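# Per-entry structural report
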Amino acid sequence: MIDTSAFQGKKAAYYTLGCKLNFSETSTFGKMLQDMGVVSAQKGEEADICLINTCSVTEVADQKCRQAIHRMVRKHPGAFVVVTGCYAQLGAEAVSRIDGVDLVLGSNEKADLIQFLSAAWAEKTGGDSLHRHHSVKTKDIKSFAPSCSRGNRTRFFLKVQDGCDYFCTYCTIPYARGFSRNPTIASLVEQARQAAGEGGKEIVLTGVNIGDFGKTTGERFIDLVRALDGVEEIRRYRISSLEPDLLGDELIAYCASSRAFMPHFHIPLQSGSDAVLKLMHRHYDRALFAEKIHRIKTLMPDAFIGVDVMVGCRGETQEYFEDTYRFLEGLDVTQLHVFPYSERPGTPALHIPYVVSRQDKKVRSKRLLELSEQKTHAFYARHSGQEAEVLFEKAPRGKAMHGFTRNYIRVELPPAEAKAEYDNQLLRVRLGGFNHDKTALRAII
């Protein structure tokens, strides 16, 4: 039994880097500390506890993590500083040597954050020397830290899976998060019911490789989708990201006729060149990817499809990039999430010849981002004048209110028309023209 008396009334500050999964986990950590009597530090207040949840997907991410840790230490002198997440797993010793850091928890240990924090807090306040970092090797990462939380947003994020077995040549995520694992369908349905009890109307399913759901329990992702669809209090579900080789036709067909699973897909492509896909050790070719897009659009013509694309990876010649550009240009997708390749220590990609210059990466990124903007703008424009159901989110005082349609079109309601009672409500609106910066369509109520 953990003695929480020492934490009553203490203030905590949180900082998260990286993916939606990290943000969801940080929110869950916050709820756990709140249950111990810890309150969130308000803006300008010094915290007693600082928790930094890190990312390590790129070299830039590592640098941002180090900067964030130093900044939190300076901003909250004397605070007990906890660092967790992917960078904490991959660089535990280096992180533990940063002045002011008291506790570093790897991917296996963060599930027991409260226990580690309580023990380390007692050691520090008792004057004992701290065992600063706790982490195990990738093969020994077995724990699963449940997470279903909304933080400051309207939507809930439900973690359904963690880890990855794919080991793409450029990626460190399997080393940082371990092999694929998941909880039971029954436990996830119960978390969805709890979210509904807290007023949740939309849940985003998150994970590292969620299409791989079932490695731990022998269940299937499609069965999880069907079970969650049965929680009728939840009006909308979105699937955060699905590998194309794991996006089965059965799942696409189910989403097309589902009560609550939205016509919204996020599918990593990484490259439109088959030669580059082979160098990356991806599990599909572009023909399969194109076939999946075609099947989605056949059954759901208005579906929003987001695509991850990496530019400038080792081996991506100009010819291969042009191949990717032409492929994407002819693909009926809505938005490209473009990011430059970053070399990661210890990855097999470092042995691939042909290095793309930083300048070429910038040029290629710019071209794909311009293509993305064209596609998104055309998708939005096609829906102008139509009626749609929008789930609105709370707006800052005096600011426009925003929300999303079923197929993830961002909608804006001017400040003069925004009302507090619209927060977390599904409203039928007419979609007008673009807002001033063309990031949303205006709502006409």
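It should be noted that the structure appears before, not after, this text.
Residues numbered from 1 in each chain as written. Predicted model: local features only at pLDDT ≥ 70, side-chain atom pairs only at ≥ 80, totals over all residues. Heavy atoms only, no water.

### Considering the packing of helix α7 (residues 185–197) against helix α8 (residues 221–229)
Rules: Each axis is a line fitted through C-alpha atoms, taken for helices only over the stretch in contact, and angles between the N-to-C directions span 0 to 180 degrees. Numbering goes from the N terminus for both helices and strands, where a helix is a DSSP run of H or I of at least four residues and a strand is a run of E of at least two. We call a crossing left-handed when the near helix sits turned anticlockwise from the far one by less than a right angle, and right-handed when that turn is clockwise. Note on contacts: a residue pair is in contact if any heavy atoms of the two residues lie within 4.5 Å. Think of it as three bins: nonpolar holds Ala, Val, Leu, Ile, Met, Phe, Trp, Tyr, Cys and Pro, charged holds Asp, Glu, Lys and Arg, and polar takes everything else, Gly as well.
With their axes 10 Å apart at the nearest point, α7 and α8 run at an angle of 30 degrees to one another. For the crossing formed where α7 meets α8, the hand is right-handed. Counting all contacts with α7, which are made through I185, L188, V189 and A192, the residues of α8 involved are D223, L224, A227 and L228. When the residues that make up the contact of α7 with α8 are grouped by side-chain class, the tally is seven nonpolar, no polar and one charged.

### Points about the environment of L33
Counted only if it meets this: Burial classes: relative accessible area under 20% of the type maximum marks a residue as buried, over 50% as exposed, and values in between as partly exposed (1.4 Å probe, protein chains only).
Position of L33 relative to the elements: it lies in helix α1 (residues 20–35). For L33, a relative accessible area of 0% translates into the label buried. In contact with L33, not counting residues within four places along its chain, are A12, Y14, V38, I114 and L117.

### Overview of the sheet that holds strand β13 (residues 335–340)
Sheet strands pair by backbone hydrogen bonding; their relative direction is either parallel or antiparallel. Rule in force here: Strand pairing follows a simple DSSP-based rule, namely that at least 2 bridges must link the two strands.
With parallel pairing, three strands are arranged side by side in an open sheet as β11-β12-β13. Edge positions in the sheet fall to β11 (264–270) and β13, since each of these pairs with one other strand and no more. Strand after strand, the sheet turns through a mean of 20 degrees between neighbouring axes, direction not considered. Set on the sheet, helix α11 (residues 286–299) makes contact with β11 and β12 (304–311); between it and β11 the angle comes to about 165 degrees. The strands that helix α12 (residues 318–329) touches are β11, β12 and β13; relative to β12, the one it contacts most, it runs at about 175 degrees.

### Overview of the side chain of Q161
Going by this rule: By the criterion applied in these results, polar contacts are pairs of N or O atoms within 3.5 Å in which, for protein atoms, one can donate a hydrogen and the other can accept it, and in which residues neighboring in sequence qualify only through two side-chain atoms.
Structurally, Q161 can be placed in the loop between β8 (156–159) and α6 (173–177). Relative accessible area serves as the criterion here: at 0%, Q161 is assigned to the buried category. Only 3.0 Å separates the side chain of Q161 from the backbone nitrogen of V208, close enough to count as a polar contact. Within polar-contact distance, the side chain of Q161 engages the backbone nitrogen of N209 at 2.7 Å. When near neighbours in sequence (up to four residues on either side) are disregarded, Q161 contacts F144, S180, R181, N182, T206, G207, V208, N209 and I210.

### Focus on the pattern of salt bridges
For clarity, the threshold we go by: Put simply, a salt bridge is a Lys or Arg side-chain nitrogen that is within 4 Å of an Asp or Glu carboxyl oxygen.
In total, this model carries 34 salt bridges according to the counting rule given. Two residues, E202 and R238, come together in a salt bridge whose shortest N-O distance is 2.9 Å. One end of the pair, E202, is in strand β9 (residues 202–206); the other, R238, is in strand β10 (residues 236–239), and 36 residues separate them in sequence. You'll find E202 and R238 in the same group, each marked buried. Taking the shortest distance from any N to any O, the salt bridge between E370 and K366 comes out at 2.7 Å. Taken together, the residues span about one helical turn, with E370 and K366 both in helix α13 (residues 358–383) at a distance of four residues. The network of salt bridges with shared partners includes E25, K110, K159, D162, R177 and R181.

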